[in-house]
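Examination of the molecular architecture
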Amino acid sequence: NTVQILEPDTLTVDKTEINTTDKYEGYRFIGTLPEIIPDVVENGTTIKVNYEKDEYKYTVEYYYNNVLDTEKTVNAVAKYKEVIESYENKAGDKYYLDKEENLPLTISVTPEDNIIKVYYTKKSSSITVKYQLEDEDFFVSQDVVINGEVDTVHTIGEALDIPEKYELVSGPESNQIT
């Protein structure tokens, strides 16, 4: 006995079986081919359901001495799984890069995970105060070194070991470390 199975020439399409929504994480539905899914197709017909990578927001936050500066925060968008490897340097002259968090960033579907944190720390500087006789290279006291951060105002006191017979006739031009 031989049994012959004949396939029909046409098939009824169950449109509920064709997913035309956002089926895959990170991708969005963009259309089908044919554009309108027919009710009946010929045997062997292919219906394509097309998706593309979706775009998601990401943020670059800038911290100065561990304090978030919201005015410098950058909000942008990138495609799913795109790798962000850089950001705009906003250190300026007074700060240096201390550390970065979440860089490189691979864009995910979760906005809370799409944050790059950039930490800057204020540069340090010092002032050396030298006490010397007017118009001479003779120093009447040990140098006084004052350490601090850039643009920090410090009071510059007198050296404690200046002999009594000397009088301070002029001070520094500025008591600000630059």
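As shown above, the structure is provided for reference.
Fair warning: this is a prediction, and the values are worked out from it, not measured in the lab.

Right, let's get into the pattern of salt bridges. Following the criterion strictly, the structure yields four salt bridges and no others. With its nearest N and O atoms 2.3 Å apart, the salt bridge here joins Glu52 to Arg28. Here the residue Glu52 occupies a position in strand S4 (residues 48-53), and Arg28 occupies one in strand S2 (residues 27-33), the gap between them amounting to 24 residues. Residue classification places Glu52 among the partly exposed residues on the basis of a relative accessible area of 26%. Lys99 is paired through a salt bridge with Glu101; the nearest N and O atoms lie 3.7 Å apart. By relative accessible area, Glu101 is classed as partly exposed at 31%. Connected through salt bridges with shared partners, the residues Arg28, Glu52 and Asp54 form a single ionic network.

For the rest of this paragraph, the subject is the pairing of strand S11 (residues 115-122). Counted residue by residue, S11 has six buried out of eight residues, so it is predominantly covered. Bridging between strand S5 (residues 55-64) and S11 involves six bridges; their strand directions are parallel. Bridged to Thr59 within S11 is Ile115. Sheet topology note: the strand S9 (residues 95-101)/S11 ladder contains six bridges and is antiparallel.

Our focus in this paragraph is the nonpolar core. Ranked by size, the top nonpolar core spans 15 residues in total, and within it Tyr58, Ile84, Ile107 and Tyr120 carry the most contacts. Broken down by secondary-structure element, the contributors of at least two residues to this core are S5 and S11.

With that settled, consider the packing of aromatic side chains. Evaluated as defined, the whole model comprises nine aromatic pairs. Ring centres 6.3 Å apart and planes at 65° place the aromatic pair Tyr56 and Tyr80 in the edge-to-face group. In this pair, Tyr56 is assigned in strand S5 and Tyr80 in the loop between strand S7 (74-79) and strand S8 (83-84), connecting sequence segments 24 residues apart. You can call Tyr56 buried: its relative accessible area is 19%. Of the residues examined, Tyr80 reaches a relative accessible area of 10% and is grouped as buried. Consider the rings of Tyr62 and Tyr87, whose centres lie 6.3 Å apart with planes at 70°: the pair is edge-to-face. Linking Tyr62 in strand S5 with Tyr87 in the loop between S8 and S9, this pair joins segments that are 25 residues apart in sequence. The class for Tyr62 is buried, based on a relative accessible area of 1%. Aromatic rings pair up to connect Tyr62, Tyr64, Tyr87, Tyr95 and Tyr120 into one cluster. Across from the ring centre of Tyr119, 4.7 Å away, lies the NZ or CZ of Lys99, which sits over that ring.

Conventions and cut-offs
Residue numbering note: each chain is counted from 1, following its sequence as written. Where totals are concerned, whole chains, interfaces and linings use all residues; where local detail is concerned, this predicted model gives features only for residues with pLDDT of at least 70, and gives and counts side-chain atom pairs only at 80 or more. The basis for the side-chain values is all heavy atoms of the structure; hydrogens and waters are excluded. Here, a salt bridge means any side-chain nitrogen of Lys or Arg that lies within 4 Å of a carboxyl oxygen of Asp or Glu. For the purposes of this entry, the term helix denotes a DSSP run of H or I that reaches at least four residues, the term strand denotes a run of E that reaches at least two, and both are numbered from the N terminus. With a 1.4 Å probe rolled over the protein chains alone, any residue whose accessible area is under 20% of its type maximum counts as buried; one over 50% counts as exposed, and the rest are partly exposed. When DSSP finds two or more bridges between a pair of strands, those strands are recorded as paired. Throughout this description, the term nonpolar core refers to a set of buried Ala, Val, Leu, Ile, Met, Phe, Trp, Tyr and Cys residues connected via side-chain atoms within 4.5 Å. Put simply, two rings from Phe, Tyr or Trp (the six-membered ring, in Trp's case) pair if the centres are within 6.5 Å, and we call them stacked under 30 degrees between planes, edge-to-face over 60, tilted for the rest. Either the NZ atom of lysine or the CZ atom of arginine qualifies as a charge over a ring when it sits within 6 Å of the ring centre and within 35 degrees of the ring normal.

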